[in-house]
Amino acid sequence: RLTMDPHNSAQDIHRCDLCETAIVHSYCDFCHVNLCKPCVVDHISDGYDKHKIVPFKERRSTLIYPKCETHPQKMCELQCKDCNNISICSFCTASEQHRGHIFVQISTVYKAQKETIEKDTEELVNTLSPTYEEIARDLENQLANLDGGYEKLTSAMSKQGEQWHREIDIVINKMKTEISEIKVKHRDILQKHLNEIKQIQSLIKQTLRAINEIEKSTEVSPTIAYSSKIREFSKLPPKIQVALPTFIPKPIDREKLYSLFGQITPLSTATEGKVLSLNQHKTSVRELLDEPKIVATIQTGYEYLRNITCLNEDSIWTSGETNDIKCFNIKGSLLQTIWKQSGKFPGDIAVDSDGDLLFISGATGIVNKVKYGQTVELIRLLEWTPIKLCVTSTGDLLVTMFSDDETESKVVRYLDSTEKQTIQFDDEGKPLYSGNGMIKYITENRNHDICVADCGAGALVVVNQDGKLRWRYTGHPSVTKKKTFKPWAITTDSQSLILTTDRENQCVHILDQNGQFLRYIDNCDLRDLSGLCVDNDDNLFVCEYYKGNVKKIKYLK
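Residues numbered from 1 in each chain as written. Predicted model: local features only at pLDDT ≥ 70, side-chain atom pairs only at ≥ 80, totals over all residues. Heavy atoms only, no water.

Here we look at the UniProt feature "coiled-coil region" (unreviewed entry) in the chain
Alright, step 1. The positions that UniProt labels "coiled-coil region" (unreviewed entry) are, in the present scheme, residues 190-217.
Alright, step 2. The distance separating the terminal C-alpha atoms of residues 190-217 is 41 Å; by composition the span is 96% helix and 0% strand. (UniProt positions renumbered as here; feature names shortened; annotations may be inferred. Helix = DSSP H or I, 4+ residues; strand = E, 2+ residues; numbered from the N terminus.)

Set out below in structure tokens:
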């Protein structure tokens, strides 16, 4: 018991647990009580033989061993290694059951476990508990700010709606002004013709009055001088019918209206995995191997191998400059072949999260999907030619394409067959991509960046999910890589690393998500590189165009 000594208030004094007044002198290591000298006798007077009285400074130094189930009068001070570390007494060691077994002192195990407990306590108190508190505070802050964030989102959308209403009002008022102006012109036309008719009517009345005078008169001269005006009046003016203008409303295309109004980006959940130790925090980031290595080679049989895509090494889809698409496993066994019915060879291939194959059907402007063995037309483009495609983490489809006159290039995002987003210009209205019909492979990074290998521009062009330019990469200065950087295929991995094939310099560039060059893969005897992809386990697959080989390369530890 810990109390404050009134005579020495600067420190705490331990008191006897029995009398609660005297200063402690001893300690019962079996009952775990503080004792003064007089109370020691009272404590052991009950005749119980297990009391262990020690000086107070040596308290808790005596181990309390468990009783032996076989020999109740003995305490278990050993463990049998050969019997699943059960506790045994000294008598048990001589029994037939434990003959020849290995024994360890329980005190040794106890000491080791105590050390482990101390370390665990320190790590729980100093590392894990504060980390979880930090995570909890962060989540609580996110929850606290949730309503405000969504209110801002709704407010931004409402402001856009108000702007649209203002613009619509402006359009309507402009049209009303146009109608008023047309109405004035309409009235002027009708009034002009009415005035002409009234003038003729006045002449007819004058003529009738003159005729009446002649009819009543017997004078010869007016009658002889009379000249008929019937022929003049018989030339009737054309009957004017000025049609009212009409308003032809255009049908409201809700999908197009939705895309024009704006876009709500999907939820983006970023997770950070951690393995915490006593002295340091280790993230789950995988490091690059010092020397990447080839672990498998697949011979596809293509004379000109162009594209590859896969989720895992059990189903690797490939295509070349023929009208078939082949699926292999990592052992090189051909599992399936899909034959295109017509057109040129496939422009590109991709697989979605369900493992369904998508492919561009040559130069026909059609993107197809193969599901349950049936090929279904997904997208048909007019005036644009699709080049390359990829499936995003949210299931959208990103397609690079160029205009039929090969002067413009852009990226379009689709949900199934519906166009959701177009990426073509930067904030200054300048084209993001080179305007030509050259290859432009595309992939989405884990942070939702959209990465395009623009071969014609000699650059990787990376924009965020809203289509805003983040950075361009035009190669890395190198003594050995002297040819112009012309990126071909592009892919990303679970670490958000970006990998692109450099056909001119026969290597693969690896960059981080911010465009920082990390290293080359140039030691795997790679030749005439074309397509490449990374599966869900971060295995890299690279195509060799002329050899028709796929090389599986391990590049992460």
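Still more to cover.
Digging into the sheet that holds strand 15 (residues 334-339)
Alright, step 1. Read from one edge to the other, the open sheet built from 4 strands follows the order 12-13-14-15, with strand pairing classed as antiparallel. Two strands in the sheet have a free side with no partner beyond their single neighbour: strand 12 (305-310) and strand 15. On average, adjacent strands in this sheet sit at an angle of 20 degrees to one another, irrespective of strand direction.
Alright, step 2. Looking at chain direction, strand 12 and strand 13 (residues 316-320) are connected through 5 bridges and run antiparallel. Within the sheet, the bridge partner assigned to Asn307 lies in strand 13 and is Ser319. (Pairing = 2+ DSSP bridges. Axes fitted to C-alpha atoms, helices over the stretch in contact; angles between N-to-C directions.)

Side note on the packing of aromatic side chains
Alright, step 1. Scanning the entire structure with this criterion turns up 6 aromatic pairs.
Alright, step 2. When the ring of Tyr304 is compared with that of Tyr546, the centres are 6.0 Å apart and the planes differ by 75 degrees; the resulting orientation is edge-to-face. You can see Tyr304 sitting in the loop between strand 11 (288-299) and strand 12 and its partner Tyr546 sitting in the loop between strand 33 (540-544) and strand 34 (549-556), a full 242 residues away along the chain.
Alright, step 3. Tyr304 sits in the partly exposed class, given a relative accessible area of 31%.
Alright, step 4. Between Tyr473 and Phe485, the ring centres sit 5.4 Å apart and the planes meet at 75 degrees, which makes this aromatic pair edge-to-face. With Tyr473 in strand 27 (residues 469-473) and Phe485 in the loop between strand 27 and strand 28 (487-492), this residue pair connects regions lying 12 residues apart in the sequence. Phe485 matches Tyr473 in its accessibility class, with the two residues each being buried. (Phe/Tyr/Trp six-rings, centres within 6.5 Å; stacked < 30°, edge-to-face > 60°. Buried < 20%, exposed > 50% of the residue type's maximum accessible area, 1.4 Å probe, protein only.)

A closer look at unusual backbone geometry
Comment: phi is negative for the bulk of residues other than glycine, and the bulk of peptide bonds are trans.
Alright, step 1. The backbone phi angle of Glu20 is positive, close to 65 degrees, even though this residue is not glycine.
Alright, step 2. Of note, Glu20 is situated in the loop between strand 2 (12-14) and strand 3 (26-28).
Alright, step 3. Note on Glu20: relative accessible area 43%, which makes it partly exposed.
Alright, step 4. Residues other than glycine seldom take positive phi values, yet Asp528 does so here, at roughly 50 degrees.
Alright, step 5. Checked against the element boundaries, Asp528 lands in the loop between strand 31 (517-521) and strand 32 (529-534).

A closer look at the pattern of salt bridges
Alright, step 1. The final tally for this structure, using the stated rule, is 16 salt bridges.
Alright, step 2. A salt bridge links Glu313 to Lys552, with the nearest nitrogen and oxygen atoms 2.4 Å apart. Remark: Lys552 occurs in strand 34 and Glu313 occurs in the loop between strand 12 and strand 13; sequence separation between them is 239 residues.
Alright, step 3. Its relative accessible area of 25% is what places Glu313 among the partly exposed residues.
Alright, step 4. Asp396 is paired through a salt bridge with Lys420; the nearest N and O atoms lie 3.2 Å apart. With Asp396 in the loop between strand 20 (384-391) and strand 21 (397-403) and Lys420 in strand 23 (residues 418-423), this pair connects stretches of sequence that are 24 residues apart. (Salt bridge = Lys/Arg side-chain N within 4 Å of Asp/Glu carboxyl O.)

Looking at a nonpolar patch on the surface
Alright, step 1. Together, Leu143, Leu146, Tyr150, Leu153, Met157, Tyr258 and Ile264 make up an exposed nonpolar region whose accessible area comes to about 750 Å².
Alright, step 2. The greatest single-element share of the nonpolar patch, amounting to 4 residues, is contributed by helix 4 (residues 146-216).
Alright, step 3. Inspection of the secondary structure assignment puts Met157 in helix 4. (Patch = residues over 30% accessible without salt bridge, like charges linked within 9 Å, V, L, I, M, F, W, Y side chains within 5 Å. Areas by Shrake-Rupley, 256 points an atom, 1.4 Å probe, with all protein chains shown as cover.)

Quick notes on the sheet that holds strand 19 (residues 374-380)
Alright, step 1. Pairing within the open sheet is antiparallel, and its 4 strands lie in the order 16-17-18-19. Only two strands of the sheet have a single partner each, and these edge strands are strand 16 (349-351) and strand 19. When the angles between neighbouring strand axes are averaged without regard to direction, this sheet yields 25 degrees.

Remarks on the nonpolar core
Alright, step 1. Among the nonpolar cores identified, the biggest contains 35 residues, and Leu460, Leu499, Ile521, Leu540 and Tyr555 are the most heavily contacted of them.
Alright, step 2. In this structure, Ile521 is in contact with Pro292, Cys507, Val508, Ile510, Leu526, Leu540, Ile553 and Tyr555, ignoring residues within four places of it in sequence.
Alright, step 3. Ile360, Val367, Leu389 and Val399 belong to the second largest nonpolar core, which has 14 residues in total. (Core = buried A, V, L, I, M, F, W, Y, C linked by side-chain atoms within 4.5 Å. Contact = heavy atoms within 4.5 Å.)

Description of the confidence of the model for the chain
Alright, step 1. Averaged over all residues, the pLDDT of the chain equals 87, while 92% of them reach at least 70.
Alright, step 2. In this model residues 1-10 is a low-confidence stretch, pLDDT under 50, and it forms 19 contacts with partners more than four residues away in sequence or in other chains. (pLDDT = per-residue confidence, 0-100.)

A short note on the environment of Leu497
Alright, step 1. Tracing the backbone through its elements, the reader meets Leu497 in the loop between strand 28 and strand 29 (498-502).
Alright, step 2. Along the chain, Leu497 and Asp512 lie 15 residues apart, while their C-alpha atoms are 4.7 Å from each other.
Alright, step 3. Those residues in contact with Leu497, other than ones at most four positions away along the chain, are Leu288, Asn445, Thr491, Thr492, Ile510, Leu511, Asp512, Leu518 and Leu556.

Topic: the side chain of Ser434
Alright, step 1. On the secondary structure map, Ser434 appears in the loop between strand 23 and strand 24 (440-444).
Alright, step 2. Side chain to side chain, Ser434 and Asn436 meet in a polar contact 3.0 Å long.
Alright, step 3. In this structure Ser434 touches Ser409, Lys440, Asp454, Gly456 and Ala457, once residues within four positions along its chain are discounted. (Polar contact = N/O pair within 3.5 Å; in protein donor to acceptor, adjacent residues only side chain to side chain.)

Regarding helix 3 (residues 106-144)
Alright, step 1. The largest bend along helix 3 measures about 45 degrees and falls at Leu124.
Alright, step 2. Residues Ile106, Glu123, Thr127 and Thr131 constitute the buried set of helix 3. (Bend = angle between axes of the 7 residues up to and from the residue.)

What to know about the side chain of Gln424
Alright, step 1. Within the secondary structure, Gln424 is located in the loop between strand 23 and strand 24.
Alright, step 2. Only 2.8 Å separates the side chain of Gln424 from the side chain of Glu408, close enough to count as a polar contact.
Alright, step 3. Sequence-distant contacts of Gln424, defined by excluding residues within four places in its chain, comprise Trp384, Glu408, Ser409, Lys410, Lys430, Pro431, Leu432 and Tyr433.

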